[in-house]
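Architecture and fold: a report
Below, each chain spelled out in residue letters.
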Amino acid sequence: GENVEQHPSTLSVQEGDSAVIKCTYSDSASNYFPWYKQELGKRPQLIIDIRSNVGEKKDQRIAVTLNKTAKHFSLHITETQPEDSAVYFCAASISAGGGNKLTFGTGTQLKVEL
Amino acid sequence: GAVVSQHPSWVICKSGTSVKIECRSLDFQATTMFWYRQFPKQSLMLMATSNEGSKATYEQGVEKDKFLINHASLTLSTLTVTSAHPEDSSFYICSANGGFAEAFFGQGTRLTVV
């Protein structure tokens, strides 16, 4: 089955700096890669996703890059703000109509310091 | 986006009793739903895939007789934790896609077994 590795496990940055989180996956058939932000005790919130036919996607301060050959993808957050502090998870799946079985990375605790 | 509602949000039960958690897709039909478990400071781990009108598919290491899943309609899946023990205390969360690539998560259920 799919295996997703995520690094780093914790990340502290100063407000205004950039943050980068990296993930690798094992199953070359995976074609959908979402990133989630999760606050304590709450459901994961989708912040950006990318499909395997695209190499990069950007949404304001957030961007994701995908390297299919190397089987890795990364989340980039620019101009970080204190409210960006949370746990971030990457995931990989084979998107096929009715269901999306997600395999999650181990998570990154991001702390944005003033 | 689509809405998935999960109840209860939290539950405390005595060891040896059973607890039922409901997951409903409110504005779309979901032939497939997924159940995840998340221990403190850990990632979401897929427990099982719930298929409408048929048996659930369990991930390796998940006891199907302990975690009963019923997907009787296109909008409702239930997870029953039978003979719960303190080690079953966790955050349980469901998701559904409704044909979209994006997964929509329920609010999650915090189960505490005392």
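Here the structure is a predicted model, which means the values were calculated and not measured.

Further remarks concern the overall build of chain A. A count of helical and extended segments in chain A gives zero helices and eleven strands. Secondary structure elements in chain A, listed N-terminal to C-terminal, are β-β-β-β-β-β-β-β-β-β-β. What you see for chain A is a C-alpha radius of gyration of 14 Å, in line with the 13 Å of a compact globule of 114 residues. Principal axes of the C-alpha set define a box for chain A whose edges measure 40 × 30 × 20 Å. Across the 114 residues in chain A, those meeting the buried criterion constitute 41%. Long-range contacts, defined here as pairs at least 24 residues apart, represent 54% of the contacts in chain A between residues at least 6 apart.

Residues and elements named next belong to chain A. Strand order across the open sheet formed by five strands is β1-β3-β8-β7-β6, with antiparallel pairing between neighbours. The sheet is open, and its two borders are formed by β1 (4–7) and β6 (56–59), each paired with just one other strand. The average undirected angle you get between the axes of adjacent strands in this sheet is 15°.

The next subject is the state of the cysteines. All names here are of chain B. Counted by the stated rule, this structure contains two disulfides over all chains. Disulfide partner of cysteine 23: cysteine 94, at an S-S distance of 2.0 Å. Disulfide cysteine 23-cysteine 94: the torsion about the S-S bond is 85°, which places it as right-handed. A residue pair is termed long-range when its members are at least 10 positions apart, and cysteine 23 in strand β3 (residues 19–25) and cysteine 94 in strand β9 (residues 90–96) qualify at 71 residues.

Residue and element names in this part refer to chain A. With respect to the element layout, glutamine 6 can be found in strand β1. Among the polar contacts listed, one links the side chain of glutamine 6 to the backbone oxygen of tyrosine 88, at a separation of 2.7 Å. A polar side-chain atom of glutamine 6 sits 3.0 Å from a polar atom in the side chain of threonine 108. Beyond its immediate sequence surroundings of up to four residues, glutamine 6 is in contact with Ile21, Lys22, Cys23, Trp35, Tyr88, Phe89, Cys90, Gly105, Thr106, Gly107 and Thr108.

For the rest of this paragraph, the subject is the packing of aromatic side chains. With the rule as written, the count across this model stands at twelve aromatic pairs over all chains. Judged by centre distance (4.9 Å) and plane angle (50°), the ring pair of phenylalanine 33 of chain A and phenylalanine 73 of chain A falls under tilted. One end of the pair, phenylalanine 33 of chain A, is in strand β4 (residues 32–38); the other, phenylalanine 73 of chain A, is in strand β8 (residues 72–77), with 40 residues separating them in the sequence. Of the two residues examined, phenylalanine 33 of chain A and phenylalanine 73 of chain A, each falls in the buried class. When the centroid spacing of 6.3 Å and the interplanar angle of 55° are considered together, the rings of phenylalanine 104 of chain A and phenylalanine 105 of chain B count as tilted. A residue pair is termed interchain when its members come from two chains, as with phenylalanine 104 of chain A in strand β10 (residues 103–104) and phenylalanine 105 of chain B in strand β10 (residues 104–105). On the basis of relative accessibility, which here comes to 4%, the residue phenylalanine 105 of chain B falls in the buried class. Its end group placed over the ring of phenylalanine 67 of chain B, lysine 66 of chain B keeps NZ or CZ at 6.0 Å from the ring centre.

Moving on, we get to the pairing of strand β3 (residues 19–25) of chain A. All names here are of chain A. Of the two faces of β3, the one lined by Ala19, Ile21, Cys23 and Tyr25 is fully buried and the one lined by Val20, Lys22 and Thr24 carries no buried residue. Pairing analysis gives four bridges linking β1 to β3, with the strands arranged antiparallel. Bridging from a neighbouring strand, valine 4 pairs with tyrosine 25 of β3. With six bridges joining them, β3 and β8 adopt antiparallel strand pairing. Within β8, the residue paired with cysteine 23 across the bridge is phenylalanine 73.

In this complex, chain A contributes 20 residues to the contact, which on the side of chain B involves 25 residues. Taking both partners together, chain A and chain B bury about 1600 Å²; carbon and sulfur atoms supply 55% of that area. Taken together, the connections running from chain A to chain B amount to one salt bridge. For the side of chain A that touches chain B, the elements supplying multiple residues, two or more each, are β4 and β5 (45–51) of chain A. A per-element tally of the side of chain A that touches chain B places β4 of chain A first, with three residues. Classifying every residue of the side of chain A that touches chain B gives seven nonpolar, nine polar and four charged.

What counts as what
- Residues numbered from 1 in each chain as written.
- Chains lettered and ligands numbered in written order.
- Predicted model: local features only at pLDDT ≥ 70, side-chain atom pairs only at ≥ 80, totals over all residues.
- Heavy atoms only, no water.
- Helix = DSSP H or I, 4+ residues; strand = E, 2+ residues; numbered from the N terminus.
- Rg over C-alpha atoms; globule rule 2.2 N^0.38 Å.
- Buried < 20%, exposed > 50% of the residue type's maximum accessible area, 1.4 Å probe, protein only.
- Contact = heavy atoms within 4.5 Å.
- Pairing = 2+ DSSP bridges.
- Axes fitted to C-alpha atoms, helices over the stretch in contact; angles between N-to-C directions.
- Disulfide = S-S within 2.5 Å.
- Polar contact = N/O pair within 3.5 Å; in protein donor to acceptor, adjacent residues only side chain to side chain.
- Phe/Tyr/Trp six-rings, centres within 6.5 Å; stacked < 30°, edge-to-face > 60°.
- Lys NZ or Arg CZ within 6 Å of the ring centre and 35° of its normal.
- Buried area = accessible area lost by both parts, 1.4 Å probe.
- Salt bridge = Lys/Arg side-chain N within 4 Å of Asp/Glu carboxyl O.
- Nonpolar A, V, L, I, M, F, W, Y, C, P; charged D, E, K, R; others polar.

Coordinates in, geometry out; function isn't part of it.
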